[in-house]
Number of protein chains: 2
Amino acid sequence: AGVFIGLPSPLSTNFVMSIASFLLCFHSIPQIQETFIKANRVGKDLNKRNSPVLPESVGVIVGAVYLVFMFCFIPFAFARHFSDPYHVNDFPHDKFSVFLAGLLSICCMILLGFTDDVFDLKWRYKLVLPTIASLPLLMVYYVGGMSTTIIPPFFRQYIGESMNIGYLYYLYMSMLAVFCTNAINIYAGVNGLEAGQSLVIGVGIAMNNVVQLNGDNHEQHLYSLYMMGPFIATTAALLYHNWFPASVFVGDTYCYFAGMTFAVVGILGTFSKTVLLFFIPQIANFLYSVPQLFRLIPCPRHRMPRINKETGLLEASKNVFLLSEIKAPGRVITRFILASGLARATSTPAGKDGDMQITMSNLTMINLCLDIFGPMQEDRLTAILLCLQVLGVALAFLIRYRLVFLFYEHN
Amino acid sequence: AGVFIGLPSPLSTNFVMSIASFLLCFHSIPQIQETFIKANRVGKDLNKRNSPVLPESVGVIVGAVYLVFMFCFIPFAFARHFSDPYHVNDFPHDKFSVFLAGLLSICCMILLGFTDDVFDLKWRYKLVLPTIASLPLLMVYYVGGMSTTIIPPFFRQYIGESMNIGYLYYLYMSMLAVFCTNAINIYAGVNGLEAGQSLVIGVGIAMNNVVQLNGDNHEQHLYSLYMMGPFIATTAALLYHNWFPASVFVGDTYCYFAGMTFAVVGILGTFSKTVLLFFIPQIANFLYSVPQLFRLIPCPRHRMPRINKETGLLEASKNVFLLSEIKAPGRVITRFILASGLARATSTPAGKDGDMQITMSNLTMINLCLDIFGPMQEDRLTAILLCLQVLGVALAFLIRYRLVFLFYEHN
Ligand SMILES: [Mg+2]
Ligand SMILES: [Mg+2]
């Protein structure tokens with residue numbers, strides 16, 4: 001029984017391994033240049049004057065390093081049971097399967113993301129496959145007897161406590177996986193933004209886990225912390241190489257990997273509502289993008305800002321279309337945007353029949369930021385958007401711990 | 001409690017789902033042509049007169065369909081616990097984690113295989129990463145208290161029963177994962193061979209599972225059967241499209257996927273020694289390839305047969321090198337091959353100092369088969385090699401159930 005007295009705590013092992021995963025990512029990313037160019041896994045950085053060609057979908061390396069370190073870490077999380085044969089019999093299979101299911105969903109998303117990078121998948125796959133990949137999570141959640149307050153007390157007074165919305169909650173969790181993976185992927189296109197926002201969210205989640213380590217679900221939060229450690233570390237290494245001027249692109253692979261990791265810790269850590277609070281800027285960006293995402297108004301393939309080659313500064317990318325091209329709902333939205341100034345847009349009479357030519361900034365928070373603060377260099381833009389993300393996390397903590405009575409039963 | 005009386009048995013659900021996965025693969029593979037060409041995921045079929053360009057690494061579709069169906073199937077395997085809330089409390093987490101760990105390892109290998117297809121990974125990654133991907137399997141095996149006779153009784157009389165070789169057995173299982181994934185990948189290069197051999201091995205494993213359904217480890221064999229169902233089905237669909245003249249290539253992705261699936265069911269089904277018996281042709285091919293794999297004699301990038309464009313028949317590919325180019329162990333092997341006729345080889349005096357130019361068929365079973373039976377059309381070659389595989393499976397059953405006393409404690 002004394003065998004494990006000398007064992008370091010899992011959390012400190014996790015910390016050391018996180019540092020190791022940072023170093024591995026940090027040193028291996030610059031070395032993949034040649035391999036990626038040979039395989040033609042490259043993309044042009046259009047926001048630079050000379051449009052350099054950079055390795056694309058480097059997220060596959062980050063994801064692989066993450067998985068390798070998590071695989072190596074898991075035995076330490078259960079070291080007491082592995083090192084002492086007498087404890088194998090009361091091995092906590094239910095807790096072990098939390099890690100297995102989480103990593104399974106994450107691994108599926110890395111695979112899906114990399115496939116998306118290579119093949120440019122259709123939207124239906126990006127919605128259906130994450131849903132299926134979240135099935136193991138939902139099963140583990142279901143059989144784990146995990147508890148999350150389902151209906152916020154605030155709403156409960158209206159819809160009644162006894163109403164059985166358990167099924168709806170599973171639907172919510174499954175949609176959370178789809179939302180997280182895609183929300184990061186559409187809030188992208190500027191050096192450092194994908195990795196940067198993920199780093200901020202990841203640190204926010206880890207802070208919340210630390211706060212909750214003394215709470216009711218301390219074990220779930222501890223496990224979440226285990227999973228966030230190598231995630232934050234590998235993401236930081238990626239951000240270093242992806243920061244302006246980027247030497248690599250993260251790819252859809254990274255966005256899917258990051259999004260699913262957040263969904264996994266949220267669901268299995270039983271704080272899936274709190275996770276959504278950390279996505280405030282992504283939710284805003286998604287809602288703002290809805291008219292284009294659902295093709296109510298035209299949506300070009302890339303909506304990221306354009307560089308003005310004379311000034312070297314980024315400007316919002318514009319979308320030019322005729323009012324007659326689009327259907328009635330799109331016309332209503334266009335007129336609303338023109339009237340409200342929700343996006344920079346102008347209209348000029350075009351052709352006959354009172355048709356109008358509309359010039360409108362593409363509907364992303366990134367372009368909105370450029371329209372509000374004016375043209376700026378790429379790193380400044382990323383810095384502003386990341387500050388916004390930090391504010392979002394601060395707001396999330398405020399809601400979670402100050403306005404808590406609206407949403408949660410206990411503190 | 002009566003809720004689940006009307007439920008179909010998991011095995012029949014699995015059967016129906018396997019058919020569905022066959023149909024999905026069968027119909028979707030022909031439709032990916034354009035996507036793969038656009039993404040430049042293509043390869044030339046050099047064994048045809050006109051070297052047509054075919055989609056490469058279609059295994060990623062097969063693997064994805066397999067995962068989707070397994071994810072959807074798992075709830076049915078535990079339907080009794082899912083459909084009846086009272087049974088959730090005695091949910092068999094240990095059995096559930098068998099599936100999670102198995103699918104996690106398989107998903108990792110699909111990812112690794114696809115990365116290998118895209119980047120052409122170095123050998124060290126092909127050896128190290130499957131080892132790490134097998135860690136979750138070994139953990140599940142360890143904590144599951146699963147039993148496999150470790151030392152064959154035949155050997156036990158020599159090395160003693162009490163010797164603690166438990167650790168060696170874990171090493172064996174981890175190497176099994178590496179061996180299975182790579183052995184199929186190097187026994188390849190002819191239309192239909194990768195999918196064909198996997199189909200034969202898969203059916204062999206499933207037959208063995210059926211035989212053992214009344215045995216001591218019937219549950220493990222049942223689970224293995226669950227995993228083999230969709231595997232056999234999707235592989236059959238792939239074989240149809242990959243059969244001569246192939247319209248798609250399977251890619252490393254498929255080989256890794258298939259190999260890991262076999263390792264997974266072998267380890268978690270507690271018949272990891274029997275699995276190796278099903279790999280007799282692959283073992284023979286591996287051993288025969290050793291001089292080239294370990295670079296004792298030169299090894300070209302591709303060792304597959306060549307087409308004779310005049311006859312349209314395949315012939316063994318040749319390797320031409322000078323005896324002076326290679327080191328002493330390679331020279332010994334070359335002289336042995338020349339003397340024994342183990343491969344078709346000729347030597348002619350070259351240059352000064354008694355140097356010799358060697359012309360030798362590349363050391364694969366495929367080339368050996370062509371040298372023995374003479375040039376033939378590609379489909380006939382595949383058919384012969386698959387017959388050999390069927391004989392191998394028959395031999396495996398013979399050893400397992402007739403010479404059993406050498407290797408196993410009970411029948
Ligand atoms: Mg894409
Ligand atoms: Mg390869």
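Just above sits the structure.
Quick look at the structure, then. (Residues numbered from 1 in each chain as written. Chains lettered and ligands numbered in written order. Predicted model: local features only at pLDDT ≥ 70, side-chain atom pairs only at ≥ 80, totals over all residues. Heavy atoms only, no water.)

1. Some details on the overall build of chain A
Now for step 1: The number of helices and strands found in chain A is 18 helices and 7 strands.
Now for step 2: When burial is assessed residue by residue, chain A has 56% of its 411 residues classed as buried.
Now for step 3: Considering only intrachain contacts with a sequence separation of at least 6, the fraction spanning at least 24 residues in chain A is 74%.
Now for step 4: Put simply, chain A shows about 17,600 Å² of open surface, and 65% of that area lies on carbon and sulfur atoms. (Helix = DSSP H or I, 4+ residues; strand = E, 2+ residues; numbered from the N terminus. Buried < 20%, exposed > 50% of the residue type's maximum accessible area, 1.4 Å probe, protein only. Contact = heavy atoms within 4.5 Å. Areas by Shrake-Rupley, 256 points an atom, 1.4 Å probe, with all protein chains shown as cover.)

2. Some points on the pattern of salt bridges
Now for step 1: In total, this model carries 11 salt bridges over all chains according to the counting rule given.
Now for step 2: Between K48 of chain B and E378 of chain B there is a salt bridge, with the nearest N and O atoms lying 2.5 Å from each other. Taken together, the positions of K48 of chain B in the loop between β1 (42–44) and β2 (53–55) and E378 of chain B in helix α17 (residues 378–401) put the pair 330 residues apart, joining distant regions of the chain.
Now for step 3: Among the residues examined, E378 of chain B registers a relative accessible area of 2% and is labelled buried.
Now for step 4: One continuous salt-bridge network, built from bridges that share partners, spans D45, K48 and E378 of chain A. (Salt bridge = Lys/Arg side-chain N within 4 Å of Asp/Glu carboxyl O.)

3. Let's talk about unusual backbone geometry
Now for step 1: Here the bond from F244 of chain A into P245 of chain A is cis, since omega is -15°, no more than 30 degrees from zero.
Now for step 2: Looking at the secondary structure, you find P245 of chain A in the loop between α11 (218–242) and α12 (251–268).
Now for step 3: In the Ramachandran plot, S57 of chain B falls in the positive-phi region, its phi being about 55° despite a non-glycine side chain.
Now for step 4: By secondary structure assignment, the location of S57 of chain B is in the loop between β2 and α3 (59–77).
Now for step 5: Even without being a glycine, D120 of chain B presents a positive backbone phi close to 55°.
Now for step 6: Among the structural elements, D120 of chain B can be located in the loop between α5 (93–119) and α6 (123–133).

4. With respect to the pairing of strand β5 (residues 318–322) of chain A
All names here are of chain A.
Now for step 1: Burial of the side chains of β5 is restricted to one face: N319 and F321 are buried, whereas none of K318, V320 and L322 on the reverse face is.
Now for step 2: Taken together, the 5 bridges between β5 and strand β7 (residues 356–361) define a ladder with antiparallel strand orientation. By the bridge assignment, K318 is partnered in β7 with S361. (Pairing = 2+ DSSP bridges.)

5. Observations regarding the relation of the copies chain A and chain B
Now for step 1: When chain A is fitted to chain B, the residual RMSD is 0.0 Å, and the transformation amounts to a turn of 180° plus an axial shift of 0.0 Å. Each copy turns onto its partner about a two-fold axis.
Now for step 2: The share of interface residues of chain A whose copies in chain B are also at the interface is 100%, consistent with both copies meeting through the same surface. (Least-squares fit on C-alpha atoms with pLDDT ≥ 70 in both.)

6. Considering the nonpolar core
Now for step 1: Counting residues in hydrophobic clusters, the biggest one holds 188 residues, and the most contacted among them are L103 and I106 of chain A together with L103 of chain B.
Now for step 2: Beyond its immediate chain neighbours, meaning those up to four positions away, I106 of chain A contacts Y66, L67, M227, F257, M260, T261 and V264 of chain A. (Core = buried A, V, L, I, M, F, W, Y, C linked by side-chain atoms within 4.5 Å.)

7. Examining the interface of chain A and chain B
Now for step 1: In this complex, chain A contributes 40 residues to the contact, which on the side of chain B involves 40 residues.
Now for step 2: Surface buried jointly by chain A and chain B totals about 3,900 Å² across both partners, of which 88% is contributed by carbon and sulfur atoms.
Now for step 3: Linking chain A with chain B are 0 residue pairs in polar contact (both at pLDDT 80 or more).
Now for step 4: Residue contributions to the side of chain A that touches chain B peak at 16 residues, all from helix α5 (residues 93–119) of chain A.
Now for step 5: The residue makeup of the side of chain A that touches chain B, split by class, is 33 nonpolar, 5 polar and 2 charged. (Buried area = accessible area lost by both parts, 1.4 Å probe. Polar contact = N/O pair within 3.5 Å; in protein donor to acceptor, adjacent residues only side chain to side chain. Nonpolar A, V, L, I, M, F, W, Y, C, P; charged D, E, K, R; others polar.)

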